[in-house]
Amino acid sequence: MAIIHHTTLSPTKLELLAEWLPLRPWYQGVEKSARLAKAGGFRLDDPEGEVGIEFMAVTDESGPEPVSYLAPLTYRGAPLEGAEAGLVGTLEHGVLGTRWVYDGAHDPVLVEQLLALLAGGAVAQAQSETDAPDPTVEVRSEGRGVPAGLTGPGKVADTAAGTEITAGPAGRDAPVLTLSLSRVLRPGTASGEGLLGQVLAGWSAPDGAAERGAFAYLRA
């Protein structure tokens, strides 16, 4: 169970993301620094209790039209070996000290817990409360459903459309599946051939309207 500390962060998460987001291929703005506001999200628990896992929705208002993005983040007490490409930055936490913040697509703890959520083996938690399940996060099983015991990440590919992560059961001859993160958030559900499951969650538009769409989905 993750314990949520209501304390100071320096820099803040939004300040870190404002410099990191414009460097991503799926960023739709034109400015070198985004103007961000928190728009929603949820958390997952690390079974080992070591890594913070947050799926943060943020809205950038630096361009002519506001755009909402998904930033899946992990928070660690030490650098994650081999994940240098996923480092967003470091921050000072008022209780826990220095935290290394990673793009969760590159962190096996986040990827495996997201796969467990899709398979029904994990429960989404409220973003800002300790030990409080978030009933607004919906997991839909599609087709033959998501099997348990999936591992990842394998290859991580960022494109203009979002992020794709290879995952699958353990074993050399096991089928490879694709876990997709909807980096640019849009209302609606995922669809199409090979869909096994998806995670639907909400965020707030700049005018306060409630939006809802697929944060992540898995395809065969």
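Residues numbered from 1 in each chain as written. Predicted model: local features only at pLDDT ≥ 70, side-chain atom pairs only at ≥ 80, totals over all residues. Heavy atoms only, no water.

Draft legend 1. Structural detail: the overall build of the protein. On a plain count of helices and strands, the protein comes out with two helices and twelve strands. In the protein, the succession of helices and strands from N to C terminus is β-α-β-β-β-β-β-α-β-β-β-β-β-β. Expected size for 220 residues packed as a compact globule is a radius of gyration near 17 Å; at 16 Å, the protein falls within 12% of this value. By residue count, 47% of the 220 residues in the protein fall in the buried class. Long-range pairs, those at least 24 residues apart, make up 59% of the contacts in the protein with a sequence separation of at least 6. Within the structure as shown, the protein displays about 10,500 Å² of accessible surface, and the carbon and sulfur contribution to it stands at 50%. (Helix = DSSP H or I, 4+ residues; strand = E, 2+ residues; numbered from the N terminus. Rg over C-alpha atoms; globule rule 2.2 N^0.38 Å. Buried < 20%, exposed > 50% of the residue type's maximum accessible area, 1.4 Å probe, protein only. Contact = heavy atoms within 4.5 Å. Areas by Shrake-Rupley, 256 points an atom, 1.4 Å probe, with all protein chains shown as cover.)

Draft legend 2. Broad picture of the sheet that holds strand β6 (residues 97–103). Read from one edge of the open sheet, six strands run β1-β5-β6-β4-β3-β2, paired in antiparallel fashion. Single-partner strands in this sheet number two, and they are β1 (9–10) and β2 (36–44). Sheet topology note: the strand β3 (residues 52–60)/strand β4 (residues 67–76) ladder contains nine bridges and is antiparallel. Residue E54 lies in a different strand from β4, and its bridge partner there is L73. Running at roughly 160° to strand β5 (residues 87–93), helix α1 (residues 13–20) makes contact with β1, β2, β3, β4, β5 and β6 of the sheet. (Pairing = 2+ DSSP bridges. Axes fitted to C-alpha atoms, helices over the stretch in contact; angles between N-to-C directions.)

Draft legend 3. Structural view of the pattern of salt bridges. This structure, assessed with the given rule, holds six salt bridges. With a shortest N-O distance of 2.9 Å, R183 and D103 are connected by a salt bridge. One end of the pair, R183, is in the loop between β10 (177–181) and β11 (195–204); the other, D103, is in strand β6, and 80 residues separate them in sequence. Several salt bridges share partner residues, and in doing so they unite K13, R43 and E54 into one network. (Salt bridge = Lys/Arg side-chain N within 4 Å of Asp/Glu carboxyl O.)

Draft legend 4. Summary view of the sheet that holds strand β7 (residues 138–141). Spatially, six strands are ordered β7-β11-β12-β10-β9-β8 in an open sheet, and the strand pairing comes out antiparallel. If you trace the sheet from one side to the other, it starts and ends with β7 and β8 (156–159), each paired once. The average angle at which neighbouring strand axes cross in this sheet is 20°, direction not considered. Strand direction decides the pairing type here: β8 and strand β9 (residues 162–167), joined by four bridges, are antiparallel. Note that in β9 the partner of T159 across the bridge is G162.

Draft legend 5. Highlighting the nonpolar core. Ranked by internal contacts, the top residues of the largest apolar core, which has 33 residues, are F42, F55, L114, L117, L179, F215 and L218. Those elements that provide at least two residues to this core are β2, β3, α2 (108–118), β9, β10, β11 and β12 (210–219). Tallying contributions element by element places α2 first for this core, with six residues. Listed in part, the 20 residues of the second largest apolar core include L36, L73, Y75 and V101. (Core = buried A, V, L, I, M, F, W, Y, C linked by side-chain atoms within 4.5 Å.)

Draft legend 6. Quick peek at α1. Among the residues of α1, K13, L16, L17, A18 and W20 are the ones counted as buried. Buried residues along α1 sit against β1, β2, β3, β4, β5 and β6.

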